[in-house]
Amino acid sequence: MPEFFNSYKEVPNIALLGSGGGQRAMVGLLGSLVQLDKAGLLDCILYLSGVSGSTWCMASLYKEPDWSTKLETVKNKIIERIRGPEVSLTDAMAKLKKYYYGKDLFSLTDVWAVLVVTSYVKEIDERTLTEQRKQHNKDPFPIYAVIDKQSKQSNDGDPWFEINPYEAGYSLSGVFVDTGDFGSQFQKGSKIKHQDEFDMLYLQALCGSALGDEEDIKKTMWQKIKAFFQNETTLEAMRKEERERTDEVMRKEKETEGNEAVLDSLSKPRPSDSGKYRFPSDKPISPSVDECHRALMDLVNMNLSVLNGKDPSGFEKSIRTNLNGKRQPISTIETLKKADERAEKQDIKHFTMEVCEDLSSWTSNWLIDVWISICKCMAQWIWGRKYNLLHNMTDEAVNSTLLQSETRDYIDGGLLLNSPYFSVLREDRDIDLIISLDFSQGDPFMTVNDAAETCKKLKIPFPEVNVTSEDKTKPKDFYVFKGQNTPTVIHIPLFNAVNCGDKVEDWRKKYRTFQGAYSAEMIADLMDIAGKNISNNREKLKEQIRAVTEEKRFGRFKTFLNKDPFRLNIN
């Protein structure tokens, strides 16, 4: 038991929050935890909650049972890995296939996991959260936070969604499902179709996908898709499957010559294990894989051209020339350059969907199949789609908007609030102290200010946040916000005037959220700068922990008196 406490009844409930910030948050959180451990304060933390990039650090830590008892060793393993080589294309291809055929609802989150997250975390982590249930008795309890996209857009319902080793659900509404069943299909509170639990790679993608604005993400996604599918290894895998299917059809035709019923069955689609229908290669030569590949690559380039403000008409013409005459004619885009940018994007979306629908009707190659599905998801911008665990329930305590749709989309929590305050502000968690590590790229007070404002609207106890204009331009490395009957909030901006001097902006520019993987030197420097925020404030942290301990002790004493004030009477 840490030195501050005389008994376990006096131990305050302390939550450590890691904000979003991509790999900056991943490395920054790791550096902060190392110094908390050296200061003897890590044992005080009851909950460790993160959004976006902070969850990448958490996933790496919780690979190791009781990681907090051997953090120096675990830290070295993590750093060695993220400084190492990326996941191979062959392994990425195999993982994408597993995601595509392993679930009913495929989305861009699956693609982001394989093509983007792996480039930062340098591994494919296929463990699940529920496997960790009995492995971390000595570690803080992990909470991964995301938001419900539909609730965010409608500004209605409960957008705050959390996932931990035991349950997944809406933090403020208090409705949860076993984590192993999150993603399964539910009807009126009963599971009607099981889906396998997602793995840790997928969870990191679900939590950490908002590394830039939407247009930057779209450009990056199309570029990643292009690089993946134009790679010669990918193309050769497509051709190999086509050859194998051609040989299979020819062999079966020879074996069943004259048997029209069997031949007819070869031309019908058949479901895979996931329920997705696959067409056998009844037309293995026309159109060829190369023709499909060319049409889809033109489609990718056309979308990139629009995003980059260039004329896409050449790619559109190539698609129509390539496909018309083989299947149903592809319509032209009525006006390639429109004054109304929204109308132009809608035209591109409809054209993309039309090409994909046409191609999907006659392909039997899994890589072409998944490429088509990815393009459809890009056109519709589908992320984190899951079956709705509350579908058609009748619970008056839950906002009706959460009960209606069969599916919900879950996205990076940083798109609404870049720190997971509401995962720890659940009433039953009874938090006494929040330590907020802010790794945000912009305003270092936006998250805590927004949390305070939202709590005020929702009538959730939270201290008032007051910062000066000077603090915004020259932030310090330690802030304390207190209130009456509220948790105490310690707020620590990553880059500040104490550890960066007058070069705060230089540090921010060096460690942007959306950039390539950091070098070994950048990782070491960032670990150091984040660690200083803890080591420089060790005594202040202890002081605040002692203060909330005394408040809790005094609060218990007041409760005792209120329950039976006559017990202190002396006869």
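Definitions and limits used
Residues numbered from 1 in each chain as written. Predicted model: local features only at pLDDT ≥ 70, side-chain atom pairs only at ≥ 80, totals over all residues. Heavy atoms only, no water. Helix = DSSP H or I, 4+ residues; strand = E, 2+ residues; numbered from the N terminus. Buried < 20%, exposed > 50% of the residue type's maximum accessible area, 1.4 Å probe, protein only. Contact = heavy atoms within 4.5 Å. Areas by Shrake-Rupley, 256 points an atom, 1.4 Å probe, with all protein chains shown as cover. 1 Å grid on protein atoms, 1.4 Å probe; cavity = no way out; pocket = protein on both sides within 12 Å on 5 of 7 lines; lining within 4 Å. Points joined across faces, edges and corners; volume = space filled by probe spheres on them. Nonpolar A, V, L, I, M, F, W, Y, C, P; charged D, E, K, R; others polar. Pairing = 2+ DSSP bridges. Right-handed = clockwise from strand over helix to strand, strands pointing away. Core = buried A, V, L, I, M, F, W, Y, C linked by side-chain atoms within 4.5 Å. Expected span 1.5 Å × (residues − 1). Polar contact = N/O pair within 3.5 Å; in protein donor to acceptor, adjacent residues only side chain to side chain. Phe/Tyr/Trp six-rings, centres within 6.5 Å; stacked < 30°, edge-to-face > 60°.

Asker: Sorry if this is basic, but what is going on with the overall build of the chain here?
Answerer: In terms of helices and strands, the chain carries 22 helices and 15 strands. The buried share of the chain, taken over its 571 residues, is 54%. Here the analysis covers contacts within the chain between residues at least 6 apart in sequence; of these, 72% occur between residues at least 24 apart. Summed over all atoms, the accessible surface of the chain reaches about 25,800 Å², with 47% contributed by carbon and sulfur.

Asker: Got a minute to help me understand the layout of surface pockets in this structure?
Answerer: Where empty space is left in the structure can be found by rolling a water-sized probe over the atoms. In this model, the largest pocket occupies a volume close to 860 Å³. Every residue lining the largest pocket is counted, 25 residues in all, and those nearest its centre are I431, D432, N485, T486 and P487. Partitioned by chemical class, the residues of the lining of the largest pocket number nine nonpolar, six polar and ten charged.

Asker: Explain the pairing of strand β2 (residues 47–50) to me, please; I cannot follow it from the model alone.
Answerer: Side chains on a regular strand alternate between the two faces of the sheet. Residues of β2 alternate between two faces, with Y47 and S49 on one and L48 and G50 on the opposite face, all of them buried. By the bridge criterion, four bridges tie strand β1 (residues 14–18) to β2 in an arrangement that is parallel. Among the inter-strand pairings, L17 is bridged to a residue of β2, identified as S49. Between the parallel elements β1 and β2, the chain passes through helix α1 (residues 22–38) in a crossover that is right-handed. Judged from the four bridges that link them, β2 and strand β3 (residues 141–148) form a sheet pairing that is parallel.

Asker: Even after reading the chapter, I still don't get the nonpolar core, so can you show me in this structure?
Answerer: Nonpolar side chains in soluble globular proteins tend to end up buried together. By size, the foremost hydrophobic cluster in this structure holds 160 residues, and its most contacted members are I163 and Y421. If you tally residues by element for this core, the top one is helix α11 (residues 289–307), at eleven residues. If we ignore the near neighbours within four places in the chain, the residues touching Y421 are L17, I434, S436, T447, V448, A451, F462, V489 and H491.

Asker: I'm lost on helix α14 (residues 366–380) in this one. Help?
Answerer: Counting along an α-helix, one turn takes 3.6 residues, and residues three or four places apart therefore face a common direction. Taking 1.5 Å of rise per residue, the 15 residues of α14 would be expected to cover 21 Å, and the 21 Å separating its terminal C-alpha atoms lies within 8% of that figure. For α14, a buried count of 14 out of 15 residues is recorded, marking the element as mostly surrounded by other parts of the structure. The opening residue of α14, the one whose side-chain oxygen lies 3.1 Å from the backbone nitrogen of L367, is N365. Trailing α14 by a residue or two, W381 shows a phi angle of about 55°, which is positive.

Asker: Is there a simple way to explain the packing of aromatic side chains in this structure?
Answerer: Remark: the centre distance and the inter-plane angle together describe each pair of aromatic rings, the angle taken between the planes. Applying the stated criterion across every chain yields a total of 26 aromatic pairs. Look at W56 and Y120: their rings are 5.4 Å apart centre to centre, the planes differ by 20°, and that puts the pair in the stacked class. Of this pair, W56 sits in helix α2 (residues 53–61) while Y120 sits in helix α5 (residues 108–121), placing them 64 residues apart in sequence. Taken individually, W56 and Y120 each receive the classification buried, so the pair is uniform in this respect. Here Y100 and Y101 contribute two aromatic rings whose centre-to-centre distance is 4.8 Å and whose plane-to-plane angle is 75°, an arrangement assigned as edge-to-face. The buried category is assigned to Y101, whose relative accessible area is 14%.

Asker: Where do I start with unusual backbone geometry in this structure?
Answerer: Negative phi is the rule for most residues except glycine; trans is the rule for most peptide bonds. Despite not being glycine, D66 shows a phi value in the positive range, around 50°. Mapped onto the fold, D66 is located in the loop between α2 and α3 (71–82). Positive phi outside glycine occurs at K459, with the angle close to 60°. Tracing the chain through its elements places K459 in the loop between α17 (446–458) and α18 (469–473). With a relative accessible area of 76%, K459 lands in the exposed category.

Asker: Honestly, the environment of P165 in this entry has me stumped. Any pointers?
Answerer: Here P165 shows up in the loop between β4 (160–163) and β5 (167–170). Classification of P165 as buried rests on a relative accessible area of 4%. For P165 and E131, which are 34 residues apart along the polypeptide, the C-alpha to C-alpha distance reads 7.7 Å. Look past the residues within four positions of P165 in its chain and what remains in contact with it is L129, T130, R133, F141, P142 and T179.

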